Amino acid sequence: MTPKAQLKSFMARFTPEVETLAQHVLVKMRARFPNAIQMVYDNYNFLVIGFSPTERPSEAIFSIAMSPRWVSLCFLQAGPKLPDPEKLLRGSGKRVRHIRLESAAVLDQPPVEALMSQALQLAAVPFNPATSGRLIIRSVSAKQRPRRPKT
């Protein structure tokens, strides 16, 4: 099975609303970062697609995290250092912050674009225009929480 088909099968386990939102978000992120190495982690809690300039997970700048009820854009490096006058960022960890996405259009809002620009400037390794973007399945957890909310 190709990585693309495998990702599609992972996403299909979510509700149609979450799956569709994540697909639209991925389209926008792939257009914005065509040179990104997309690393997929189908872990215990979330399905995560990281966007990195290299194959090193520690160098990923953004990720899309799918949970049973929502999709989030995660800022993986220096999240607490990002200027956030609109108070969009959630989380209290030392490195990561996230925004819960109500629609893919949120990515085009000026405050979110500003956060993404700042994250790119603070990134340890920038995206390389000469790199060919690709999709890699990095890990699949044998044990996972349900991908759909309890009804």
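Below is a summary of the structure that appears in this document.

The rules behind these values
- Residues numbered from 1 in each chain as written.
- Predicted model: local features only at pLDDT ≥ 70, side-chain atom pairs only at ≥ 80, totals over all residues.
- Heavy atoms only, no water.
- Salt bridge = Lys/Arg side-chain N within 4 Å of Asp/Glu carboxyl O.
- Helix = DSSP H or I, 4+ residues; strand = E, 2+ residues; numbered from the N terminus.
- Buried < 20%, exposed > 50% of the residue type's maximum accessible area, 1.4 Å probe, protein only.
- Pairing = 2+ DSSP bridges.
- Axes fitted to C-alpha atoms, helices over the stretch in contact; angles between N-to-C directions.
- Contact = heavy atoms within 4.5 Å.

Some words on the pattern of salt bridges
Line of reasoning, step 1. Counted under the stated rule, the structure contains 7 salt bridges.
Line of reasoning, step 2. Two residues, arginine 13 and aspartate 42, come together in a salt bridge whose shortest N-O distance is 2.4 Å. In this pair, arginine 13 is assigned in the loop between α1 (3–11) and α2 (16–32) and aspartate 42 in strand β1 (residues 37–42), connecting sequence segments 29 residues apart.
Line of reasoning, step 3. Look at arginine 13 and you get partly exposed, because its relative accessible area is 32%.
Line of reasoning, step 4. The residue glutamate 55 makes a salt bridge to arginine 134 at a minimum N-O spacing of 2.5 Å. Residue glutamate 55 is located in the loop between β2 (47–52) and β3 (62–66), and its partner arginine 134 is located in strand β6 (residues 134–140); the two are separated by 79 residues in the primary sequence.

Considerations on the sheet that holds β3
Line of reasoning, step 1. The strand order across the open sheet formed by 6 strands is β5-β4-β3-β2-β1-β6, and the pairing between neighbours is mixed. With one partner strand each, in any of the chains shown, β5 (97–101) and β6 form the two edges of the open sheet. On average, each strand axis in the sheet is inclined to that of its neighbour by 20°, with strand direction left out of account.
Line of reasoning, step 2. By the bridge criterion, 5 bridges tie β3 to strand β4 (residues 71–75) in an arrangement that is antiparallel. Its bridge partner lying in β4, serine 63 is registered against cysteine 74.
Line of reasoning, step 3. Where α2 meets the sheet, its contacts fall on β1, β2, β3, β4, β5 and β6, and the angle it forms with β3 comes to roughly 170°.
Line of reasoning, step 4. Strands β3, β4 and β5 of the sheet are contacted by helix α3 (residues 110–122), whose axis makes an angle of about 40° with β4.

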